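# Descriptive structure summary
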Amino acid sequence: MFWAILAISSHLVFIPGLYDGHTPVKTMFVIGLGLMAWIHCMVSFSNKTMLIGYTDISKNETLIYSAIFIYLLLSNLGIYGVINWNLFIDRIALEIACFGIFLAIASSSITTKKLAAIGSAAFVIFLLLIVSTGISWPNNLTFTIDVGAMGNTAFMSIAVAQLLPLAAMSAFCLGSYVWLIAILILMIPFLNNSTAALIGGGGAFLIILSYMFWRNGRVLSQYLVLSFIICLPVIFLCLVLFGLHLQSGLQHRSITWRNSLEMVKAHPLGIGIGQFEIKYPKYANSIHKDKEMHVQYDVHRKQVVRDPHNDLLLRLVERGIAGVIAWLALLFLIVYRPIDYDSIEGCLATALLVTLAIGVLYFPLSHPSMAATFWASAGLYWSYNKSWVNTESALSLHL
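As the structure is a computational prediction, the values presented were derived from the model and not from experiment.

Within the chain, the secondary structure is distributed over 14 helices and zero strands. Start at the N end of the chain and walk to the C end: the helices and strands fall as α-α-α-α-α-α-α-α-α-α-α-α-α-α. The 399 residues of the chain split such that 54% are buried. Relative to all contacts within the chain whose residues are 6 or more apart in sequence, the contacts with residues 24 or more apart total 77%.

See the structure below:
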């Protein structure tokens with residue numbers, strides 16, 4: 001339970017008054033937490049405490065460890081192309097740390113009381129995030145300063161979208177629709193500072209709302225979650241093909257995406273983790289002129305395109321085709337279950353879908369606290385399902 005709470009609390013790690021969207025303080029916290037999680041996993045594994053009391057868990061744990069190892073191996077086939085080793089170490093350390101958080105949570109036992117506590121903590125973290133921004137209430141329901149714990153209004157909205165399903169989970173654990181409605185009413189308005197957050201959080205809202213009308217303990221089938229993962233490349237392809245005909249930021253991102261695909265053609269094994277911002281300028285005008293590359297803010301600062309604002313494409317460019325296939329396979333392994341979801345597992349699955357949906361237009365899995373929240377949710381999902389399958393008492397969790 002504490003691993004999960006600490007992971008989602010990484011949203012709150014910041015230096016007051018300093019832009020902290022991507023500064024080292026969050027990264028250092030998550031990497032430190034991940035290191036402790038790995039130590040915990042190794043000690044637990046050596047004592048064989050992770051395998052006690054669960055049917056076939058030894059095989060499942062071995063499978064997930066193997067899948068992570070294979071992914072890390074395949075995603076680094078392009079390591080020969082690394083130019084900036086500081087960026088490489090920063091990004092790979094964050095990813096390995098998040099896997100440690102996932103494994104520490106996935107290997108633990110879970111109960112509805114613990115999940116209720118985690119969900120309540122998510123709501124408290126949401127409130128603290130809002131307090132850190134100096135909101136205007138009730139006239140505007142928006143963030144008034146571009147600082148706060150996330151350092152960016154768009155990042156703040158995305159964090160709220162990630163916390164929404166976890167907070168809603170506490171209502172299902174407690175069996176309180178009044179608490180659920182209060183959570184939705186309070187959190188939904190704060191998604192309006194990011195299109196990506198609106199897509200992810202709005203989708204979560206629709207899924208949770210559908211349960212309130214369905215009321216039979218089935219939020220969505222496993223096939224919906226798996227289908228969404230399958231559709232990620234299709235959604236991206238449609239945005240690339242039709243994005244040029246749209247206005248605003250999506251049109252510009254479509255240009256970045258098309259130019260980035262030229263990098264994939266030139267480096268199918270990947271350009272090396274963390275190297276996008278270093279190598280993209282060479283391809284910035286490959287298909288269409290990327291105007292953002294030519295923005296001059298002042299004498300000392302030029303615009304740097306750090307990522308293509310698409311998690312799937314970023315992985316494809318930096319980790320190569322094999323790395324993306326291994327990543328999708330890992331997600332399948334985590335998500336797939338031979339059962340339907342109950343309400344609690346549905347909220348955890350929704351938490352994963354929110355981040356993946358946001359990743360179509362943003363980069364949550366490259367952001368330290370967003371990535372930590374995603375992998376903490378994945379760990380809770382795995383652990384809860386493990387308990388559901390192997391204990392008869394879990395049947396009483398259907399609401």
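After that view, the rundown keeps rolling.
A few words on the packing of aromatic side chains. Scanning the entire structure with this criterion turns up 10 aromatic pairs. Centre to centre, the rings of F99 and W375 are 5.0 Å apart; their planes meet at 65 degrees, and the pair counts as edge-to-face. In this pair, F99 sits in helix 4 (residues 85-106) while W375 sits in helix 14 (residues 368-390), placing the two residues 276 residues apart along the sequence. By the burial criterion, F99 is buried, and W375 matches it. Arranged with centres 4.9 Å apart and planes meeting at 25 degrees, the rings of Y362 and F363 form a pair that is stacked. With relative accessibility at 9%, the residue Y362 sits in the buried group. Each member of the aromatic cluster is reached from another via a ring pair, and the members are Y71, F99, F102, F374 and W375.

Our next topic: the confidence of the model for the chain. For the chain, the average pLDDT comes to 76, and 70% of its residues sit at 70 or higher. This model gives residues 242-247 a pLDDT under 50, and the stretch forms 10 contacts once residues within four places in sequence are excluded.

Relative to the 32 Å expected for 22 residues at 1.5 Å per residue, helix 6 (residues 153-174) spans 32 Å between its end C-alpha atoms, a close match to the ideal helical length. Taking the largest bend as the criterion, helix 6 deviates by roughly 30 degrees, centred on L164, and proline P165 comes between one and four positions later. Counted residue by residue, helix 6 has 20 buried out of 22 residues, so it is predominantly covered. Backbone geometry just after helix 6 places G175 at a positive phi near 70 degrees.

Another point: the nonpolar core. Grouped together as the largest cluster of nonpolar side chains are 109 residues, with contacts concentrated most on F102, M169, M187, W327 and W375. Take this core: its biggest share by element is 16 residues, from helix 6. With near-sequence residues (within four places) excluded, W375 lies in contact with C98, F99, F102, W327, L330 and I334.

One non-glycine residue, H309, lies in positive phi territory at about 55 degrees. With respect to the secondary-structure elements, H309 resides in the loop between helix 11 (276-283) and helix 12 (311-335). Judged by relative accessible area, which is 22%, H309 ranks as partly exposed.

Another aspect to go through is the side chain of E318. Topologically, E318 is positioned in helix 12. Of note is the side chain of E318, whose polar atom sits 3.0 Å from the backbone nitrogen of G274.

This paragraph deals with helix 11. Residues of helix 11 that are buried include every one of F276, E277, K279, Y280 and Y283, and no others. Axial view of helix 11: buried residues confined to an arc of 165 degrees, hence all on one face.

Turning our eyes to something else, we now look at the pattern of salt bridges. One pass over the structure, following the stated rule, counts six salt bridges. When the shortest N-O distance is used, the salt bridge between R91 and E277 registers 3.5 Å. Here E277 lies in helix 11 and R91 lies in helix 4, a separation of 186 residues in the sequence. In this structure, R91 and E277 share a single accessibility class: buried. When salt bridges that share partners are traced, they join E95, R315, E318 and R319 into one network.

The subject of this paragraph is the environment of E61. Within the secondary structure layout, E61 lies in helix 3 (residues 57-74). Judged by relative accessible area, which is 3%, E61 ranks as buried. Each C-alpha atom of the pair E61 and F45 lies 9.9 Å from the other, and the pair is 16 residues apart in sequence.

Contact pair helix 5 (residues 112-133) / helix 6: the axes reach a minimum separation of 7 Å and the direction vectors enclose 145 degrees. As helix 5 runs across helix 6, the sense of the crossing is left-handed.

The next subject is the state of the cysteines. Taken as a whole, this structure holds zero disulfides when the rule is applied. Considering cysteine sulfurs only, C347 is the nearest to C173, which forms no disulfide, with 7.9 Å between them. Judged by relative accessible area, C173 falls into the buried class, the value being 18%.

Okay, the environment of N84 next. As for its placement among the helices and strands, N84 is situated in the loop between helix 3 and helix 4. Assessed through its relative accessible area of 24%, N84 is described here as partly exposed. For the pair N84 and G272, spaced 188 residues apart in the sequence, the C-alpha separation amounts to 9.4 Å. Engagement of the side chain of N84 in a polar contact is seen with the backbone nitrogen of L87, the distance being 3.0 Å.

Quick notes on the rules
Residues numbered from 1 in each chain as written. Predicted model: local features only at pLDDT ≥ 70, side-chain atom pairs only at ≥ 80, totals over all residues. Heavy atoms only, no water. Helix = DSSP H or I, 4+ residues; strand = E, 2+ residues; numbered from the N terminus. Buried < 20%, exposed > 50% of the residue type's maximum accessible area, 1.4 Å probe, protein only. Contact = heavy atoms within 4.5 Å. Phe/Tyr/Trp six-rings, centres within 6.5 Å; stacked < 30°, edge-to-face > 60°. pLDDT = per-residue confidence, 0-100. Expected span 1.5 Å × (residues − 1). Bend = angle between axes of the 7 residues up to and from the residue. Core = buried A, V, L, I, M, F, W, Y, C linked by side-chain atoms within 4.5 Å. Polar contact = N/O pair within 3.5 Å; in protein donor to acceptor, adjacent residues only side chain to side chain. Arc of directions from axis to C-beta. Salt bridge = Lys/Arg side-chain N within 4 Å of Asp/Glu carboxyl O. Axes fitted to C-alpha atoms, helices over the stretch in contact; angles between N-to-C directions. Left-handed = near helix turned anticlockwise from the far one by under 90°. Disulfide = S-S within 2.5 Å.

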